[in-house]
Amino acid sequence: MQKSTSNLASSTTTGSIDLAAIGHPVSVVLNTTPDPKSKKTDIATAIDTATAKVTTPQDELKSLELSRISWETTELAASNRRLYAILTQAYTFYLVMKTDTDKAVRLQHADALKAFIDERNYVFSPSSHDMTRVVKCVFGVDRRRVSAYSIALREALRQGTAAENLIGFLETNGGVEQIRMGGTKPFTVTERAMLAEDEVLANCIGKVKFDPLLIDADPDWIDTQVVIIATYLPTGEFEANAVVRHNGAVNSALAAYYSNQQRKQREAEKAEREAIKEAEEAEAANNKKAAKSKDEAMEKQKAKVVAEVAEAKRIAANAEIFEGLFTADAI
């Protein structure tokens, strides 16, 4: 009896009672229901429970799946949030350096970037984008990582993303790696149509009434959108050829309108950036020319002073010689 009691006590510390040792071939597993007072998360509790019940390879895979979910929702999510915060700061530094309204602030950031690069002895090709320079200064010399982050931030820049919207941009498009591999996820036709719908419907460019004998109108059409296929004439008029009442056609037309407006906006922004760049280059050239002229004027002034001093010395020397001659005659 003492032996059975010993076995019972030792089994209790491991979470089960081995009744086979005392003549009863039955194994009773103790209750694994989570303690309601425990501070563990639901996922962590589920992992503990799944791990405790692992008896087959399939159970092991389920346990590993829960571990992966826990990692994604806790450690990876926290890591990505921190990474995106740092990327936002780097993106902001670039935007300030390029677009701040105060030229002194832009120059201060540009000089700071150059000084940092020189201090770290980083080397870039002449064609390297300044965004890449900023990213490398922040994230070091890992070329793959710098390239991925730079591509993501330049795509955000290309789409005109504001710094405060960068995290949303990265998350919406699948993260840095997804952007690096395939660019940003394009809007679907329906999404583009929805983005353009309000603007289009709020804009009336004219009214057209067709012959009811040619257009089989229907009261059901009221307040719905249709597509008018028309030909532009040399007179500046549009010759209507057909009217299409079809949701797919309307969505396609709205999506095309949205894409066209985005293209015009990008072209306008590009032209503005180029104009600013040309103005800055012209100003820099003028400043350089002015500085060169100032240096030349100073050199001329310096040469003039040197010549005047030399002439004064020559005159003084001649006067001394002349005075010496009269003194000799007097003696």
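### Section: the overall build of the chain
When helices and strands are counted, the chain shows 10 helices and four strands. Seen in sequence order, the chain has helices and strands lined up from the N terminus as α-β-β-α-α-α-α-α-α-α-α-β-β-α. For the chain, the residues scored as buried account for 17% of the 331 residues in total. Sequence-distant contacts in the chain: of pairs separated by 6 or more residues, those separated by 24 or more amount to 44%. On the chain, roughly 24900 Å² of surface is accessible, and the fraction owed to carbon and sulfur atoms is 57%.

### Quick look at the pattern of salt bridges
Tallied over the entire structure, the rule returns nine salt bridges. Between Arg120 and Glu119 there is a salt bridge, and its shortest N-O distance comes to 2.8 Å. For Arg120, a relative accessible area of 40% corresponds to the partly exposed category. Take Glu119: its relative accessible area is 58%, and that puts it in the exposed class. A single network of salt bridges, built from pairs that share partners, joins Lys98, Asp130 and Arg133.

### Some points on the pairing of strand S4 (residues 238–244)
Examined bridge by bridge, strand S3 (residues 227–232) and S4 share six bridges and lie antiparallel to one another. Note on S4: the bridge partner recorded for Tyr232 is Phe238. Linking S3 to S4, which pair antiparallel, is a turn of five residues; within it Gly236 sits at a positive phi near 90°.

### A short note on the side chain of Arg133
Note on placement: Arg133 falls in helix H5 (residues 130–139). Classification of Arg133 by relative accessible area gives buried; the value is 17%. Side-chain polar atoms of Arg133 contact the side chain of Asp130, separated by 3.0 Å. Excluding residues that lie within four positions of it along the chain, Arg133 makes contacts with Leu113, Ile117, Phe124, Ser125, Pro126 and Ser128.

### Points about the nonpolar core
Core analysis: the biggest nonpolar cluster contains 29 residues, and Leu87, Tyr91, Tyr149, Leu166, Leu170 and Val176 have the highest contact counts within it. Where this core is concerned, the elements lending two or more residues are helix H3 (57–99), helix H4 (103–120), H5, helix H6 (143–158), helix H7 (166–172) and helix H8 (176–182). With eight residues, the single largest contributor to this core is H3. Ignoring anything within four residues of it in the chain, the contact list for Val176 reads Tyr84, Leu87, Ala148, Tyr149, Ala152 and Leu170.

### Description of H3
Within H3, the axis deviates most sharply at Glu72, by approximately 40°. When we look at burial in H3, the residues that qualify are Ser63, Ser70, Ala77, Leu83, Tyr84, Leu87, Thr88, Ala90, Tyr91, Tyr94, Leu95 and Met97.

### Structural notes on the packing of H5 against H6
Where H5 meets H6, the axes come as close as 9 Å, and the angle between the chain directions of the two elements is 135°. Here H5 is positioned oblique relative to H6, judged by the angle of their axes. The way H5 lies across H6 gives a crossing that is right-handed. Residues Met131, Thr132, Val135, Lys136 and Phe139 of H5 form the contact with H6, whose own contacting residues are Arg145, Val146, Tyr149, Ser150, Leu153, Arg154 and Leu157.

### Remarks on the packing of aromatic side chains
Think of a pair of aromatic rings as described by two things: how far the centres are apart, and how the planes are tilted against each other in angle. One pass over the full model with this rule turns up two aromatic pairs. A centroid spacing of 4.7 Å and a plane angle of 70° characterise the contact between Phe139 and Tyr149, whose relative ring orientation is edge-to-face. Of this pair, Phe139 sits in helix H5 while Tyr149 sits in helix H6, placing them 10 residues apart in sequence. Residue class for Phe139 comes out buried when judged on its relative accessible area of 12%. For Lys136, the ring lying beneath its charged end belongs to Phe124, and the centroid distance is 5.0 Å.

### Notes on the confidence of the model for the chain
When pLDDT is averaged along the chain, the result is 78, and 79% of the positions lie at 70 or above. Ranking the elements of the chain by mean pLDDT puts helix H1 (residues 2–12) last, at 41, and H4 first, at 94. Overall, residues 1–17 carries pLDDT values under 50, and its contacts beyond four positions in sequence, including any with other chains, amount to 12 contacts. Note that pLDDT drops below 50 for residues 24–34; the model gives that stretch 15 contacts with residues more than four away or on any other chain.

### What about the side chain of Thr88?
Relative to the elements of secondary structure, Thr88 occurs in helix H3. Under the relative-accessibility criterion, Thr88 is labelled buried at 16%. Each residue touching Thr88, except ones within four places of it in the same chain, is listed here: Ala163, Leu166 and Ile167.

### Focus: the packing of H4 against H5
Relative placement of two packed helices is described by the angle separating their axes and the distance separating the axes. Put simply, H4 and H5 touch, their axes get as near as 11 Å, and they point 55° apart. By the angle between their directions, the pair H4 and H5 is classed as oblique. Seen along the crossing, H4 lies across H5 with a hand that is left-handed. Between H4 and H5, the contacting residues are Leu113, Phe116 and Ile117 on the first element and Arg133, Val134 and Cys137 on the second. For the contact of H4 with H5, the residue count by class is five nonpolar, no polar and one charged.

About the cut-offs
- Residues numbered from 1 in each chain as written.
- Predicted model: local features only at pLDDT ≥ 70, side-chain atom pairs only at ≥ 80, totals over all residues.
- Heavy atoms only, no water.
- Helix = DSSP H or I, 4+ residues; strand = E, 2+ residues; numbered from the N terminus.
- Buried < 20%, exposed > 50% of the residue type's maximum accessible area, 1.4 Å probe, protein only.
- Contact = heavy atoms within 4.5 Å.
- Areas by Shrake-Rupley, 256 points an atom, 1.4 Å probe, with all protein chains shown as cover.
- Salt bridge = Lys/Arg side-chain N within 4 Å of Asp/Glu carboxyl O.
- Pairing = 2+ DSSP bridges.
- Polar contact = N/O pair within 3.5 Å; in protein donor to acceptor, adjacent residues only side chain to side chain.
- Core = buried A, V, L, I, M, F, W, Y, C linked by side-chain atoms within 4.5 Å.
- Bend = angle between axes of the 7 residues up to and from the residue.
- Axes fitted to C-alpha atoms, helices over the stretch in contact; angles between N-to-C directions.
- Parallel < 35°, antiparallel > 145°, perpendicular 65-115°, else oblique.
- Left-handed = near helix turned anticlockwise from the far one by under 90°.
- Phe/Tyr/Trp six-rings, centres within 6.5 Å; stacked < 30°, edge-to-face > 60°.
- Lys NZ or Arg CZ within 6 Å of the ring centre and 35° of its normal.
- pLDDT = per-residue confidence, 0-100.
- Nonpolar A, V, L, I, M, F, W, Y, C, P; charged D, E, K, R; others polar.

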